[in-house]
Amino acid sequence: MKLLRLKAEQLRQFRAPVEIKDLEPGINLFTGPNESGKSTLVRAIRAAFFERHKSSSVEDLQPWGDSAAVPTVELEFEWEEQSWKLVKSFLKKKRCDLTVDGTAYSGDEADDMLADLLGFELPKRGASRPDQWGIPGLLWIEQGAGQEIQAPVEHAGQHLKAALGGNLGEVTSSTGDELINQVTAERAKLLTTTGKATGNYAKAIADANTLQGQCDALQDRIQQYRQQVDRLGQLREEQSQAETERLWETYRQQAKEAEARLSEVESWQREQDRDQQAFKDCQTSIQTTLELLSSFQSQQQDLARREDEKKAAEQQQADLEARKPASEAALEEAKQAHEAARKALKLAQQHQQRKELVRELEGIEVELVNNQSKLARAKALHASLLENRQKQQSRQTDPQTILRLKDVVSALDRLAIQQDAVATRLQFDLTDDHSVTLDGQGLAGQSEHLLIEPGEVAIKGVGTLRVLPGGEDVAEIARAKQSLTDEQENLLTRLRVTSLVEAEEQLKQLQALGQAIQQDESVLKELAPEGLEALSDQLQLKQARKDALAPQIQALPEQEEDSPSPSRAEAQLETAAEALEDAQTANQTLKSELLLADQALNRARQEWERLSNELQAPDRKQREKQAGEQLAELRTNERHLSDQIEKREAQINDANPEALEQDVRRLTQSADAAEKQEESRRFELIQLQARLESAGAEGLEEQSAELKVELDRATRRRRELERHANALDFLLARLTEHRLELTRQLQAPLQKHLNHYLQLLFPEASLNVDENLIPEVLVRQGHGGEERGQFNELSFGAREQMALISRLAYADLLQEAKKPTLIIMDDALVHSDAERLKAMKRVLYDAAQRHQILLFTCHPDNWRDLGVMARDIDWLRH
């Protein structure tokens, strides 16, 4: 099938007719930005085939906001050496006309013929759906759906299977399928699709398992009964032995004896604690007495030391009093020097102020001269600037108008060249004895005329020749030239000039005047940045400052020759201040030291008098004697307590109170445990007797025999159904395997075409399809060997590439089956990287040798090396 022409009118973006002619049998590349109309053209082709002409559910075909539009599509194509032409209108004027080699069809008949030809279904009502698109839905890739392949293949399944040959129909619809369905149904009664038991088989297994569980539980109870009988005998024997021994009473008696011994040892420990505290108190008293005796001995030494300190303090106080007159004289001298330096600095500062005021006065006089000159120049420039601005205002010219005039003149020149090229040339070579005129003007000799308007050539004695310059181009050029000439005159009138040269000269003069104005403004801004008035005000302020400086200078003293400079006076004042500060510090330090010396002398005298009085006290010797006697008595008591504590400590250690305490706890706990064990044994014995009496009344052995009979019957039923299910499972597997083998033989043609295209993308790779002819597994060589990937697990770009290869293989298969093919790609392969896209171009170029391909894209740079010339959608509108 080869599409020759497409025309769309009043359809979505295309209100005006848009026509595509001379389509190539191979690749046809259409480019344009987003919303330029690429998808609208694809929708037009789909509507022409998929939608019934009388459908009212195709309002999306109308241009936006135009409910009165009549969307119309015209198609011309060839198939099996026959010419087909389709004209289909929707909504307001519903009509379908199909012509096949001169034979006309219309209405539903035409719609049905197209559906039978391409292999799709028409909707009975409403708009068409993807599940009705059949083979075109597989080969025509919608924008953003290039990676989807399963649904389109399923929707085109019947047509693809028909292309594989008649045997596939026998496999899928013969008695073999009926047998498989029958076996599957019988198997489904016993097994699920995953092989799990169901129905009667599951019930038989559950019944057998239940009975087996009951039987096992009953055996467990019988075994437990026997174990409990043995346990009852053991408990009775242990109880009899415990009653004879009565170990808990023995343990309690032993615990009482250990507790009595522990009480005796604890009384020893309390006596030991009292003696140890008395020993500590004795040692404290000894230390106190020793300190008292030591203080008596050190008091005499302290008195001699205090005498020396008192004499040293008296000498230091006398030395400081001798230094006081010299310090006060130095301080007074420093104060006088500081005051003289302060007065000298004040005078130097007044001299410096007078110098600064004189310098300021001289600077103001210079600035007054300069500002007066600036003010004069500024006034002259201001007057010149006003004059130039008035000239600029009177000569104002629009540069854009001049630019437009230049464009119009250039366009007129180009039109003159075009007019010369397309005008009819009348060349003649006349003899003198013939009279020939052109539009009333005589012609003679050899010459040439360019005719851009109809003219008449009159030949005397022969007649008149009317010359009509050919084509619409001549008239169009003449109209364009006249329009531009009118615009040129209008522009010249607006500019008040007679030519482009004069306008450009006027613009140059205006620009020069503007430059002069800018230069004057710049100079004026430098002379008077804040304006003429501000400059004049500054001049007045300077004059006022000059008048105010004279009395200030007169009020200040003039400098004498030997007067120091301010810096020297400041240095002298700083030196005098430092000397004054040092003198003040020295005098204050002396006063502080004298005050401290007085205080130290007073403290030394007081301490000497206190110690002297204490040594001369009447009771001092009696207290010293009593302290010596008390120390001897304390020493004797200390030795007695130490011996007693040592003996008792040995007695306590021999008794080992910690072990006695542990014996009391151990024996008490043992008695408690023995009593508790006996009580627990008695309770267990009572429970066992009750359970054994109850179990003996149930007849467990009889119940076990009955359950074994039921279990044997249920087991035989389960095994019977298990054999039946295994047989059906085996039979279904063999039948399915046989059917798959036939299907694989019939898949060979499709697999061949898939592998042909796949080698251009992945050498040594293969793409397997399932029994429904849907791509399933991609097998290729990777870095670590063979890689197998499910189709749905591939990346988006890889799925898009595999899906396109599959569509091309289906197209080859359909072509071999003598079915028409047309491949449409709307912005496909946009997720492919540069290397993959390069390989896919090889694939498309190869497929284009057998099929017509319409490729629509908004990325023209990606398809420049496809070997075809691109058509711009925007250009089609013109």
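Just so we're clear, the structure is a prediction, and the values are computed from it rather than from any experiment.

1. Looking at the overall build of the chain
Turning to step 1, where the next piece is worked out: Scanning the chain from N- to C-terminus turns up 20 helices and 20 strands.
Turning to step 2, where the next piece is worked out: The C-alpha radius of gyration of the chain comes to 65 Å, more than 25% above the 29 Å expected for a compact globule of 878 residues.
Turning to step 3, where the next piece is worked out: Projected onto its principal axes, the C-alpha coordinates of the chain cover approximately 190 × 150 × 50 Å.
Turning to step 4, where the next piece is worked out: For the chain, the exposed area adds up to about 53100 Å²; of that, 47% sits on carbon and sulfur atoms.

2. Concerning the sheet that holds strand E10 (residues 436–438)
Strand pairing in a sheet relies on backbone hydrogen bonds. The paired strands run either parallel or antiparallel.
Turning to step 1, where the next piece is worked out: Across the sheet, which stays open at both edges, the four strands sit in the order E11-E10-E13-E14 with antiparallel pairing between neighbours. Pairing within the sheet leaves two strands with one partner each, and these edge strands are strand E11 (441–443) and strand E14 (463–467). Taking the axes of each pair of neighbouring strands and ignoring which way they run, one obtains an average angle of 25° across the sheet.
Turning to step 2, where the next piece is worked out: Here E10 runs beside E11; their pairing, made up of three bridges, is antiparallel. Note on E11: the bridge partner recorded for Leu-438 is Gln-441.

3. A short note on the pattern of salt bridges
Turning to step 1, where the next piece is worked out: As enumerated under the stated definition, the model contains 39 salt bridges in all.
Turning to step 2, where the next piece is worked out: In this structure, the salt-bridge partner of Lys-752 is Glu-816, at a minimum N-O distance of 3.8 Å. Here Lys-752 is found in helix H17 (residues 700–761), whereas its partner Glu-816 is found in helix H18 (residues 796–816), with 64 residues between them in sequence.
Turning to step 3, where the next piece is worked out: A salt bridge links Arg-864 to Asp-861; its shortest N-O distance comes to 2.5 Å.
Turning to step 4, where the next piece is worked out: Classification of Arg-864 by relative accessible area gives exposed; the value is 65%.
Turning to step 5, where the next piece is worked out: Classification of Asp-861 as exposed rests on a relative accessible area of 52%.
Turning to step 6, where the next piece is worked out: The structure contains a network of salt bridges with shared partners spanning Arg-5, Glu-19, Glu-74 and Glu-76.

4. Digging into empty space enclosed by the protein
Turning to step 1, where the next piece is worked out: Following the criterion strictly, the structure yields one cavity of 30 Å³ or more and no others.
Turning to step 2, where the next piece is worked out: What the largest cavity holds in volume is close to 50 Å³.
Turning to step 3, where the next piece is worked out: Met-1, Leu-118, Ile-135, Pro-136, Leu-139, Trp-140, Pro-820, Thr-821 and Leu-822 are the residues that line the largest cavity.
Turning to step 4, where the next piece is worked out: With three residues, helix H3 (residues 134–139) is the largest single contributor of residues to the lining of the largest cavity.
Turning to step 5, where the next piece is worked out: When the residues that make up the lining of the largest cavity are grouped by side-chain class, the tally is eight nonpolar, one polar and no charged.

5. A short note on the sheet that holds strand E16 (residues 775–782)
Turning to step 1, where the next piece is worked out: One open sheet accounts for three strands, arranged E15-E16-E17; its pairing is antiparallel. With one partner strand each, in any of the chains shown, strand E15 (766–769) and strand E17 (785–790) form the two edges of the open sheet. Neighbouring strand axes in the sheet, compared pairwise and without regard to direction, differ in orientation by 20° on average.
Turning to step 2, where the next piece is worked out: By the bridge criterion, four bridges tie E15 to E16 in an arrangement that is antiparallel. For Asn-768, the partnering residue across the bridge sits in E16 and is Val-777.

6. Examining unusual backbone geometry
Turning to step 1, where the next piece is worked out: With a phi angle near 50°, Asp-101 is a residue other than glycine that sits in the positive phi range.
Turning to step 2, where the next piece is worked out: Looking at the secondary structure, you find Asp-101 in the loop between strand E6 (95–100) and strand E7 (103–106).
Turning to step 3, where the next piece is worked out: The exposure class of Asp-101 is partly exposed, given its relative accessible area of 45%.
Turning to step 4, where the next piece is worked out: Positive phi, close to 55°, is recorded for Asn-656, a residue that is not glycine.
Turning to step 5, where the next piece is worked out: On the secondary structure map, Asn-656 appears in the loop between helix H15 (620–655) and helix H16 (657–698).
Turning to step 6, where the next piece is worked out: Classification of Asn-656 as partly exposed rests on a relative accessible area of 38%.

7. Structural notes on the pairing of strand E4 (residues 72–79)
Turning to step 1, where the next piece is worked out: Across the eight residues that make up E4, a large majority, six, are buried.
Turning to step 2, where the next piece is worked out: Where strand E1 (residues 2–9) and E4 come together, seven bridges link them in antiparallel fashion. Residue Lys-7 lies in a different strand from E4, and its bridge partner there is Glu-74.
Turning to step 3, where the next piece is worked out: Where E4 and strand E5 (residues 82–89) come together, eight bridges link them in antiparallel fashion. Following the sheet pairing, Trp-79 is matched in E5 by Gln-82.
Turning to step 4, where the next piece is worked out: With antiparallel pairing between neighbouring strands as the criterion, E4 and E5 make up a hairpin whose turn holds two residues, including Glu-80 at a positive phi of roughly 50°.

8. Structural notes on the side chain of Ser-36
Turning to step 1, where the next piece is worked out: Its place among the elements puts Ser-36 in the loop between strand E3 (27–31) and helix H1 (38–50).
Turning to step 2, where the next piece is worked out: The exposure class of Ser-36 is buried, given its relative accessible area of 3%.
Turning to step 3, where the next piece is worked out: There is a polar contact of 2.7 Å between the side chain of Ser-36 and the backbone oxygen of Pro-33.
Turning to step 4, where the next piece is worked out: Discounting chain neighbours no more than four positions away, the residues touching Ser-36 are Gln-13, Phe-14, Ile-873, Asp-874 and Arg-877.

9. Structural notes on the nonpolar core
Turning to step 1, where the next piece is worked out: Phe-49, Trp-140, Met-802, Ile-805, Met-825, Leu-829 and Leu-844 are the most contacted members of the largest nonpolar core, which has 95 residues in total.
Turning to step 2, where the next piece is worked out: Counting residues per element, this core draws most heavily on H18, which supplies eleven residues.
Turning to step 3, where the next piece is worked out: Apart from the residues within four sequence positions on either side, Ile-805 is in contact with Leu-754, Tyr-757, Leu-758, Leu-761, Met-840 and Val-843.

10. As for the side chain of Thr-821
Turning to step 1, where the next piece is worked out: Tracing the backbone through its elements, the reader meets Thr-821 in the loop between H18 and strand E18 (823–826).
Turning to step 2, where the next piece is worked out: Ignoring any residue separated from it by four or fewer positions in sequence, one finds Thr-821 in contact with Met-1, Leu-139, Ala-811, Leu-814, Gln-815 and His-851.

11. Some thoughts on the packing of aromatic side chains
Each pair of aromatic rings is reported with the distance of its centres and the angle of its planes.
Turning to step 1, where the next piece is worked out: One pass over the structure, following the stated rule, counts seven aromatic pairs.
Turning to step 2, where the next piece is worked out: With centroids separated by 5.2 Å and ring planes inclined at 75°, the aromatic side chains of Phe-50 and Phe-120 adopt a geometry described as edge-to-face. Placement of the pair is Phe-50 in helix H1 and Phe-120 in the loop between helix H2 (107–118) and H3, with a sequence separation of 70 residues. The exposure classification of Phe-50 matches that of Phe-120, with both residues buried.
Turning to step 3, where the next piece is worked out: Plain terms: the ring middles of Phe-77 and Trp-84 are 5.6 Å apart, the flat faces sit at 20° to each other, and that makes the pair stacked.
Turning to step 4, where the next piece is worked out: On the basis of relative accessibility, which here comes to 1%, the residue Phe-77 falls in the buried class.
Turning to step 5, where the next piece is worked out: For Trp-84, a relative accessible area of 7% gives the class buried.
Turning to step 6, where the next piece is worked out: Above the ring of Phe-762, the side-chain terminus of Arg-780 is found at 5.0 Å from the ring centroid.

12. Considerations on helix H12 (residues 500–527)
Turning to step 1, where the next piece is worked out: For H12, with 28 residues, the first-to-last C-alpha span of 41 Å sits near the 40 Å given by 1.5 Å per residue.
Turning to step 2, where the next piece is worked out: Here H12 has its buried residues at Leu-500, Ala-503, Gln-506, Leu-507, Leu-510, Leu-513, Gly-514, Ile-517, Asp-520, Leu-524 and Leu-527.

13. What to know about the environment of Ala-340
Turning to step 1, where the next piece is worked out: Of note, Ala-340 is situated in helix H9 (residues 247–394).
Turning to step 2, where the next piece is worked out: C-alpha separation for the pair Ala-340 and Leu-573, spaced 233 residues apart in sequence, amounts to 8.4 Å.

14. Details of the confidence of the model for the chain
Turning to step 1, where the next piece is worked out: Taken residue by residue, the chain gives an average pLDDT of 81. The fraction at 70 or more is 93%.
Turning to step 2, where the next piece is worked out: Here residues 166–174 is a poorly scored stretch, pLDDT under 50, and it has ten contacts once near neighbours within four places are set aside; other chains count.

15. Overview of helix H19 (residues 834–847)
Turning to step 1, where the next piece is worked out: With 14 residues, H19 extends 20 Å from end C-alpha to end C-alpha; this agrees with the ideal 20 Å at 1.5 Å per step.
Turning to step 2, where the next piece is worked out: Those residues of H19 not exposed but buried are Leu-837, Ala-839, Met-840, Lys-841, Val-843, Leu-844, Asp-846 and Ala-847.
Turning to step 3, where the next piece is worked out: The N-cap residue of H19 is Asp-833: its side-chain oxygen and the backbone nitrogen of Glu-835 are 3.2 Å apart.

16. Here's the deal with the environment of Gly-461
Turning to step 1, where the next piece is worked out: Mapped onto the elements of the fold, Gly-461 is located in the loop between strand E13 (455–459) and E14.
Turning to step 2, where the next piece is worked out: By relative accessible area, which is 84% here, Gly-461 ends up exposed.

The rules behind these values
Residues numbered from 1 in each chain as written. Predicted model: local features only at pLDDT ≥ 70, side-chain atom pairs only at ≥ 80, totals over all residues. Heavy atoms only, no water. Helix = DSSP H or I, 4+ residues; strand = E, 2+ residues; numbered from the N terminus. Rg over C-alpha atoms; globule rule 2.2 N^0.38 Å. Areas by Shrake-Rupley, 256 points an atom, 1.4 Å probe, with all protein chains shown as cover. Pairing = 2+ DSSP bridges. Axes fitted to C-alpha atoms, helices over the stretch in contact; angles between N-to-C directions. Salt bridge = Lys/Arg side-chain N within 4 Å of Asp/Glu carboxyl O. Buried < 20%, exposed > 50% of the residue type's maximum accessible area, 1.4 Å probe, protein only. 1 Å grid on protein atoms, 1.4 Å probe; cavity = no way out; pocket = protein on both sides within 12 Å on 5 of 7 lines; lining within 4 Å. Points joined across faces, edges and corners; volume = space filled by probe spheres on them. Nonpolar A, V, L, I, M, F, W, Y, C, P; charged D, E, K, R; others polar. Polar contact = N/O pair within 3.5 Å; in protein donor to acceptor, adjacent residues only side chain to side chain. Contact = heavy atoms within 4.5 Å. Core = buried A, V, L, I, M, F, W, Y, C linked by side-chain atoms within 4.5 Å. Phe/Tyr/Trp six-rings, centres within 6.5 Å; stacked < 30°, edge-to-face > 60°. Lys NZ or Arg CZ within 6 Å of the ring centre and 35° of its normal. Expected span 1.5 Å × (residues − 1). pLDDT = per-residue confidence, 0-100.

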